[in-house]
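# Examining the three-dimensional arrangement
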Amino acid sequence: MRVHVQIPASSANLGPGFDALGLALALFNEIEARESDRVTVAIEGEGADQLAADERNVVACAVRAAYEAAGRPFRGCAIMCVNRIPLARGLGSSAAAWVGGLVAGNALLGSPLDGQALLALAARAEGHPDNVAAALLGGLTVAYGGADGARALSLPVPPGLRFVVLVPEVSMPTAEARAIWPQSGPRAYAVFNVQRVALLLASLQAGRVDLLPAALEDRLHEPYRLRLFPWMTAVTMAARAAGALGCVLSGAGPSLLAVAPGDAEAAAVSRAMERTLDAAGVKGVARTLAVDTQGATIRIVDPG
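This text gives an overview of the structure that appears in the document.

Conventions we followed
- Residues numbered from 1 in each chain as written.
- Predicted model: local features only at pLDDT ≥ 70, side-chain atom pairs only at ≥ 80, totals over all residues.
- Heavy atoms only, no water.
- Axes fitted to C-alpha atoms, helices over the stretch in contact; angles between N-to-C directions.
- Helix = DSSP H or I, 4+ residues; strand = E, 2+ residues; numbered from the N terminus.
- Parallel < 35°, antiparallel > 145°, perpendicular 65-115°, else oblique.
- Left-handed = near helix turned anticlockwise from the far one by under 90°.
- Contact = heavy atoms within 4.5 Å.
- Nonpolar A, V, L, I, M, F, W, Y, C, P; charged D, E, K, R; others polar.
- Salt bridge = Lys/Arg side-chain N within 4 Å of Asp/Glu carboxyl O.
- Buried < 20%, exposed > 50% of the residue type's maximum accessible area, 1.4 Å probe, protein only.
- 1 Å grid on protein atoms, 1.4 Å probe; cavity = no way out; pocket = protein on both sides within 12 Å on 5 of 7 lines; lining within 4 Å.
- Points joined across faces, edges and corners; volume = space filled by probe spheres on them.
- Expected span 1.5 Å × (residues − 1).
- Phe/Tyr/Trp six-rings, centres within 6.5 Å; stacked < 30°, edge-to-face > 60°.
- Lys NZ or Arg CZ within 6 Å of the ring centre and 35° of its normal.

### Observations regarding the packing of helix 9 (residues 232–241) against helix 10 (residues 263–279)
- Their axes nearest at 8 Å, the elements helix 9 and helix 10 cross at an angle of 155°. Here helix 9 is positioned roughly antiparallel relative to helix 10, judged by the angle of their axes. In this structure, helix 9 meets helix 10 at a crossing whose hand is right-handed. Residues Ala234, Val235, Ala238 and Ala239 of helix 9 pack against Val269, Ala272, Met273, Thr276 and Leu277 of helix 10.
- Considered class by class, the residues forming the contact of helix 9 with helix 10 number eight nonpolar, one polar and no charged.

### Section: the pattern of salt bridges
- Applying the stated criterion across every chain, the model contains seven salt bridges.
- Of the charged contacts, one joins Arg2 and Glu32 as a salt bridge, the two residues approaching to 2.6 Å between their closest N and O atoms. Remark: Glu32 occurs in strand 2 (residues 21–35) and Arg2 occurs in strand 1 (residues 2–12); sequence separation between them is 30 residues.
- Judged by its relative accessible area of 23%, Glu32 falls in the partly exposed class.
- Across the pair Glu217 and Arg196 runs a salt bridge, and its minimum N-O distance is 3.3 Å. Placement of Glu217 in the loop between helix 7 (212–215) and helix 8 (222–225) and of Arg196 in helix 6 (residues 187–206) is noted, with a sequence separation of 21 residues between them.
- A relative accessible area of 30% places Glu217 in the partly exposed class.
- Residue class for Arg196 comes out buried when judged on its relative accessible area of 17%.

### Comments concerning empty space enclosed by the protein
- Tallying each qualifying case throughout the model produces one cavity of 30 Å³ or more.
- Here the largest cavity defines a volume of roughly 100 Å³.
- Leu14, Leu23, Leu140, Val157, Leu161, Phe163, Leu200, Leu204, Leu212, Leu216, Leu257 and Val259 together form the lining of the largest cavity.
- The set of elements that each furnish at least two residues to the lining of the largest cavity consists of helix 6 and strand 9 (256–260).
- Each residue belonging to the lining of the largest cavity can be placed in one class, and the counts come to twelve nonpolar, no polar and no charged.

### Examining unusual backbone geometry
- Going from Gly253 to Pro254, the amide bond is cis rather than trans, its omega being 5°.
- Tracing the chain through its elements places Pro254 in the loop between strand 8 (246–249) and strand 9.
- Not every positive phi belongs to a glycine, and Asn13 is a case in point at roughly 80°.
- Taking relative accessible area as the criterion, Asn13 reaches 3% and is therefore assigned buried.
- For Asp19, which is not glycine, the phi dihedral falls at a positive 60°.
- You can see Asp19 is positioned in the loop between strand 1 and strand 2.
- Residue classification places Asp19 among the partly exposed residues on the basis of a relative accessible area of 23%.

### Quick word on helix 2 (residues 93–108)
- Under the 1.5 Å per step criterion, the end-to-end length of helix 2 is 22 Å for 16 residues, consistent within 8% with the ideal 22 Å.
- Across the 16 residues that make up helix 2, a large majority, 15, are buried.
- Following helix 2 by one or two positions, Gly110 adopts a phi angle in the positive range, close to 90°.

### Things to note about the packing of aromatic side chains
- In the structure shown here, the tally under the stated rule is two aromatic pairs.
- Measuring from ring centre to ring centre gives 5.1 Å for Tyr67 and Phe74, while their planes differ by 70°; the resulting arrangement is edge-to-face.
- The class for Phe74 is buried, based on a relative accessible area of 15%.
- Arranged with centres 5.7 Å apart and planes meeting at 45°, the rings of Phe229 and Trp231 form a pair that is tilted. Each of the two residues, Phe229 as well as Trp231, counts as buried.
- Between the NZ or CZ atom of Arg196 and the centre of the ring of Phe192, over which it lies, the distance is 3.8 Å.
- Lying over the aromatic face of Phe192, Arg219 brings its terminal NZ or CZ to 3.9 Å of the ring centre.

Shown next as structure tokens:
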């Protein structure tokens, strides 16, 4: 049997929703996998000259994890990856690899693991559930930890909104970006973020996009990460001046995610973000991405 899996990029946190909110975006990695007597990995696109092409590859590790969770022996697999999600840019490339490999391995086994089991495995491997929930389920996801592992709910997003992603050429591993964040902070910051997360979800459900400028504010993690990305404030201000309803750090960064009310505003925001980043001495590309509503999808290429 040979299977094909498509996995979306994802943006985590969305400002105040640290380690809880994720948004699936229509930028996809693809994986083809079939059983084999050993592990082989071929990679095209992003990370082709950086990622391991053997059993250490995250996709291969995830396939193995699916077999182990199902209690089945794992001999090997032949994997082909087409990567479009940039590495270490805050767009969920690692989450896509874990989710894609788990979904592929599960399909090769005849799908003995349900969605909840796959989510729990992916969240445990990734270390936090926000990106993997969005990559697996699609849409805007709210994820949380439970006694039996991570759980998540996917919510719709108002169709008129446009999401502009600015991807700088510099990279930032998630672990390094998390290390700068303190283990504790003022209670006032926690209250601020709880209020903003509640407002964000309520405003999206009610279609009150006029509330998004306040709802996307954060005090828990973005202020600390300014030391890593000193140009973030100027780019955020430029995005808002050009018509964005808000602009947040995408996951651990360095990418930024701006929310625009329509196509014309999205185009203006893209130009403003690119210009401002360039003026700060950093190259980058902005692009408007649709929300992916399907999450990881699978099809059988060759039933064998």
